[in-house]
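Working through the structure, step by step
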Amino acid sequence: MSAALLAPPAKDIGCAEAPVLRERGQREVFCGLTGIIWLHRKIQDAFFLIVGSRTCAHLMQSAAGVMIFAEPRFATAIIDERDLAGLADANEELDRVVAQLLSRRPDIKLLFLVGSCPSEVIKLDLSRAAQRLNVTHAPGVRVLNYSGSGIETTFTQGEDACLAALVPEMRPAATRSLLVVGALAEVVEDQLRRLFEALGIGPVTFLPPRRAADLPGVGPNTRMLLAQPFLAETARLLEARGAQRLAAPFPLGAEGTTAWLQAAATAWGVDPTLFRSVTAAGEARAAVALARHRDQLAGKRIFFFPDSQLEIPLARFLARELGMVPVEVGTPYLHRQHLAEELALLPAGTRLSEGQHVDRQLDRCREARPDLVVCGLGLANPLEAEGFATKWSIELVFTPIQGYDQAGDLAELFARPLVRRTRLMV
Amino acid sequence: MQLAVWTYEGPPHVGAMRIATAMEGLHYVLHAPQGDTYADLLFTMIERRAKRPPVTYTTFQARDLGGDTAELFKNAAREAFERFRPQAMIVGASCTAELIQDDPGGLAKALALPIPVIPLELPSYQKKENWGAAETFYQLVRALAGPHAPPPGTRRSPGPVCNILGPTALGFRHRDDLAEITGLLGRMGVRINVAAPLGATPHDLTRLGEADFNVVLYPEIAGQAAAWLGRTFGQKATKTIPIGSNATREFIAEVAALAGLDAAPILAAETSRAAWYARSVDSNYLTGKRVFVFGDASHAIAAARMAAEEIGFTIVGLGTYSREYARDVRDAAKSHGIEALVTEDYLEVEAAIQGLQVELILGTQMERHIAKRLGIPCAVISSPVHVQDYPARYSPQMGFEGANVLFDTWVHPLMMGLEEHLLGMFREDFEFHGEAAPSHLGGAVTERQATAVVVAGPATWATEAEKELGKIPFFVRGKARRNTERYASERGIGTITIETLYDAKAHFAR
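Because the structure is a prediction, the values reported are computed rather than measured.

Procedures and definitions
- Residues numbered from 1 in each chain as written.
- Chains lettered and ligands numbered in written order.
- Predicted model: local features only at pLDDT ≥ 70, side-chain atom pairs only at ≥ 80, totals over all residues.
- Helix = DSSP H or I, 4+ residues; strand = E, 2+ residues; numbered from the N terminus.
- Buried ≥ 20, exposed ≤ 12 C-beta atoms within 10 Å, placed from the backbone.
- Pairing = 2+ DSSP bridges.
- Axes fitted to C-alpha atoms, helices over the stretch in contact; angles between N-to-C directions.
- Contact = placed C-beta atoms within 7 Å.
- UniProt positions renumbered as here; feature names shortened; annotations may be inferred.
- Core = buried A, V, L, I, M, F, W, Y, C linked by C-beta atoms within 7 Å.
- Domains from an automatic or database assignment.
- Nonpolar A, V, L, I, M, F, W, Y, C, P; charged D, E, K, R; others polar.
- Parallel < 35°, antiparallel > 145°, perpendicular 65-115°, else oblique.
- pLDDT = per-residue confidence, 0-100.

Backbone geometry follows two general trends: most residues other than glycine have a negative phi, and most peptide bonds adopt the trans configuration. For the bond running from A:Gly202 to A:Pro203, omega is -5°, close enough to zero to count as cis. Summarising the element assignment, A:Pro203 is placed in the loop between helix 9 (186-199) and strand 7 (204-207). Here the bond from B:Ala196 into B:Pro197 is cis, since omega is 0°, no more than 30 degrees from zero. Inspection of the secondary structure puts B:Pro197 in the loop between strand 7 (191-196) and helix 9 (202-206). The phi dihedral of B:Leu170 is positive, around 60°, even though this residue is not glycine. On the secondary structure map, B:Leu170 appears in the loop between strand 6 (161-165) and helix 8 (174-188). The backbone of B:Arg173 sits at a positive phi, close to 60°, despite the residue not being glycine. Judged by the 25 C-beta atoms lying within 10 Å of it, B:Arg173 is buried.

Residues and elements named next belong to chain A. The strand order 1-12-11-10-13-14 describes an open sheet built from six strands, whose pairing is parallel. Among the strands making up the open sheet, the edge pair consists of strand 1 (20-23) and strand 14 (390-392). Strand after strand, the sheet turns through a mean of 20° between neighbouring axes, direction not considered. Two elements, strand 13 (residues 372-375) and strand 14, share three bridges in a ladder whose sense is parallel. Each bridged residue has a counterpart across the sheet, and for Cys375 the counterpart in strand 14 is Trp392. Contacts from helix 16 (residues 377-385) reach strand 13 and strand 14 within the one sheet, and its direction differs from that of strand 14 by about 160°. Sheet contacts for helix 18 (residues 407-423): strand 13 and strand 14; angle to strand 14, the most-contacted strand, approximately 140°.

Looking now at the UniProt feature "active site" (unreviewed entry) in chain B. Residue and element names in this part refer to chain B. According to UniProt, the "active site" (unreviewed entry) feature falls on Asp282. Within the secondary structure layout, Asp282 lies in the loop between helix 13 (273-279) and strand 10 (290-295). The class of Asp282 is partly exposed, set by 13 C-beta atoms lying within 10 Å.

What follows deals with the nonpolar core. Counting residues in hydrophobic clusters, the biggest one holds 278 residues, and the most contacted among them are A:Leu49, A:Phe112, A:Val181 and B:Val293. Filtering out sequence-adjacent residues up to four positions away, A:Phe112 remains in contact with A:Ala46, A:Phe48, A:Leu49, A:Leu144, A:Asn145, A:Tyr146, A:Cys162 and A:Ala165. In terms of nonpolar packing, the next biggest core, distinct from the first, is built from eight residues, B:Trp461, B:Ala465, B:Tyr487 and B:Ala504 among them.

Attention now moves to the domain arrangement of chain A. All names here are of chain A. You can read the domains of chain A as domain 1 (3-28 + 274-423), domain 2 (32-153) and domain 3 (177-246). Taking the mean C-alpha position of each, domain 2 and domain 3 sit 26 Å from one another. Domain 2 puts ten residues into the contact, and the matching count from domain 3 is seven residues. Taken together, the residues of the side of domain 2 that touches domain 3 sort by class into five nonpolar, one polar and four charged.

Turning our eyes to something else, we now look at the UniProt feature "binding site: [4Fe-4S] cluster" (unreviewed entry) in chain A. Taking the numbering used here, the UniProt-annotated feature "binding site: [4Fe-4S] cluster" (unreviewed entry) corresponds to A:Cys31, A:Cys56 and A:Cys117. In terms of the greatest pairwise C-alpha distance, the residues named above, spread along 87 residues, form a tight cluster of at most 9.6 Å across. Within the secondary structure, A:Cys31 is located in the loop between strand 1 and helix 2 (36-42). Among all residues touching A:Cys31, those that are not within four sequence positions of it are A:Gly148, A:Ser149, A:Gly150, A:Thr153, A:Thr154, B:Gln34 and B:Gly35. Inspection of the secondary structure assignment puts A:Cys117 in helix 6 (residues 117-121). Excluding residues that lie within four positions of it along the chain, A:Cys117 makes contacts with A:Ser149, A:Gly150, A:Ile151, B:Pro33 and B:Thr96.

Each partner contributes residues to the interface: chain A has 49 residues there, and chain B has 45 residues. Sorting elements by how many residues they give to the side of chain A that touches chain B places helix 3 (residues 54-63) of chain A first, with eight residues.

What follows deals with the pairing of strand 13 of chain A. Residue and element names in this part refer to chain A. By the alternation rule, side chains of strand 13 split into Leu372 and Val374 and Val373 and Cys375, which are all buried. When strand 10 (residues 301-304) meets strand 13, the two strands line up parallel, connected through three bridges. Across the sheet, residue Ile302 finds its bridge partner in strand 13, namely Leu372.

Right, let's get into the packing of helix 14 (residues 297-311) of chain B against helix 15 (residues 326-335) of chain B. Residue and element names in this part refer to chain B. It is at 10 Å that the axes of helix 14 and helix 15 come closest, and there the two elements cross at 10°. Of the possible angle classes, the one that applies to helix 14 and helix 15 is roughly parallel. When helix 14 is examined against helix 15, the residues Ala297, Ala300, Ile301 and Ala304 are found in contact with a partner set consisting of Asp328, Val329 and Ala332. Residue composition of the contact of helix 14 with helix 15, by class: six nonpolar, no polar and one charged.

What follows concerns the confidence of the model for chain A. Atom-level detail of predicted coordinates should not be read off regions where pLDDT is low. Summary statistics for chain A give a mean pLDDT of 93 and a share of 95% for residues scoring 70 or more. Low pLDDT, under 50, characterises residues 1-11 of chain A; the predicted model gives this stretch 14 contacts beyond four residues in sequence or across chains.

Quick look at the structure:
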């Protein structure tokens, strides 16, 4: 073990200027198609049609055990040999498949054509296909497109691409409003809505909406708060529509949630006394919930493999509110601007890595011998078999973790594998 | 282009991964974009293997496409060799890499690695997982065992040494089947030369020619390799899939003939508890239950046979997603007096099940979902698999112990015999009624639904007759309704009474 890893972090500096280890090689991450797993539950009248290969279809049914949804609102138009023979044919085939799908599912109001690696490589133009299909199926169905391909997107970037496709659909809005960007669990959305109401901030809208028809408006008086750290393209397009991003850490943990709300409160000129009175109760509840897990987690060393881009905010929360020691924080893509506030709060001396060369990263992990490893499904059991406690990162994407009242749940997700080890005697 | 909600099989490179992951000392370098690594979780999560699959993915991205993806492949292959030091390597492309035509085989050859490197051509837009597994195994066998082929015309004397071919990673109970059949062959006095691919090394494959004959457990995976071994080394191969007591007995006889042994002593010594349980009086209630079977060809055919011959079920549907073996399944279906269903569309399977008043489904994880939705008991007999298909306990499908496992697995989801009788007697009881779940399977007791008066077709149901219909078990109620209505309309009966119902029952009695 290297001495540098044991050095106590110099708390006042943070990681704002920290060097980043950039790696290329095998990446043990999902592609952007996987975002469909939560997006199709979130937007309840949308359907996601992947235009891809058998591999894409197989990924979707294997990735998250989604077979629990008997007939989900996603499917794959599997490209076959005949389509590869000529592109005109592929377009006609796509029109036929869409017509077949829409006749089976008359409840669909919004159809996303989702590009994949093969559709990108053969340059099947899904934006033109969407335009064409819009004419055919208007006004009942709106057809949009985005790419969830692995050659362009990593896991949560699929949500970014999907939301970016929605931005041009948003009506212009002149009134001052707060737009919360990024898919959140409904329970979290409702909690945040109540907090903003108590602070007198509003109107508040959410992207994505629960139903396609409820798409919010955007304009120069829109102020946006990113609820997720992986929305680079969506934020860029919203800014181009006039929206102003309120820079803040992400609403993970009590500290993150308060800072996130503070950004909006400052923009709305909320009275500091009111702000304190509204946030104090949530902070107090979070503190009680977190205290239950601190003994288990404090001083424990944690290693993040890249997965969802949530790694840096999570590491900040675990370090500052639970006393964990981040050894390495890997992320598929590091957006310096959106994460500036987070990086400043991350303990100095934390190793940051971007991209992945999985074998080298495993070597570093084995050398560092962390107490807990956060990694994807392909690595978790092999690392457990080597003696490491692991936390599968995908659960962090599928569980409500944002806001005061989920801070304890979030801590518990990290404590559980460690608690389990103290119980098991096999 | 084909609209797919679920797929029965993955792409062919996943078949290749199943071979590579089953073996030791083999490494697979796969030219593939970011995201294709999802396939690792099939092995680490669903099968709960403790090791990562021995696969290196090149992980190319959009920005590499304009540049040198070929160089990326060469670096990945070189690094994989240096890091893992395999005895042999297989190289190939996933669906996207196939489109960019980098020729992984040629690139790997240019590296001049000091080990055998076997290129795979797996057409992703044409073929599927099982084909990919079969092709990969065949290419490996040919490349590694081929150089040891004897000169043509060499005679081979029969002897009790065999290879076992077919079990892979992520197979349906392959691990336990291999153990069961290894034990059976051992008790017969047949020595195992190599079992492959599961647990074999590339070096083991070079010795395949040293056996006298081959035991093929899964023709979908090992059929092609076994045929080549037959041509090259004159090794005969078993044809019987030893699933069910009868098939196991035939398998023993077949092996004995190939090994030049007397099958009689082993047939006398081996017993099956399942066969006795089926004959026991307690199993009477299983007679003629309507069963729908769907799976890969080998498992579906074998399950249908065991269900009919060894449990006394009636096969009302038999189908497969393995188009390569459609003919075999059609022949088997004919022997049960039905038409086979050959499809990869699970919605078609669902429609078939709905139309057949099925009392038990023997299918895959797809059919388990269909069964759940339709409220029909179900047992899983074939891939595609789920984490539950890798039980901690020993649970083979093959051999006599396999027959015992199947008997339990198929009978368990059904209502128990006495319970079914009580249901027949006390149909008005608030707990024992047609909609109640089997008592040993837990689940809440469902409340009886009030029967609405239904006006159907030309004949109208009298309220009393409708109520009586409600006393008929739910899984045959639809059929009883249709038969009675047909009986009434054929005889110009306007109102269906209780008498009409029982007249129709007598008329259509099997």
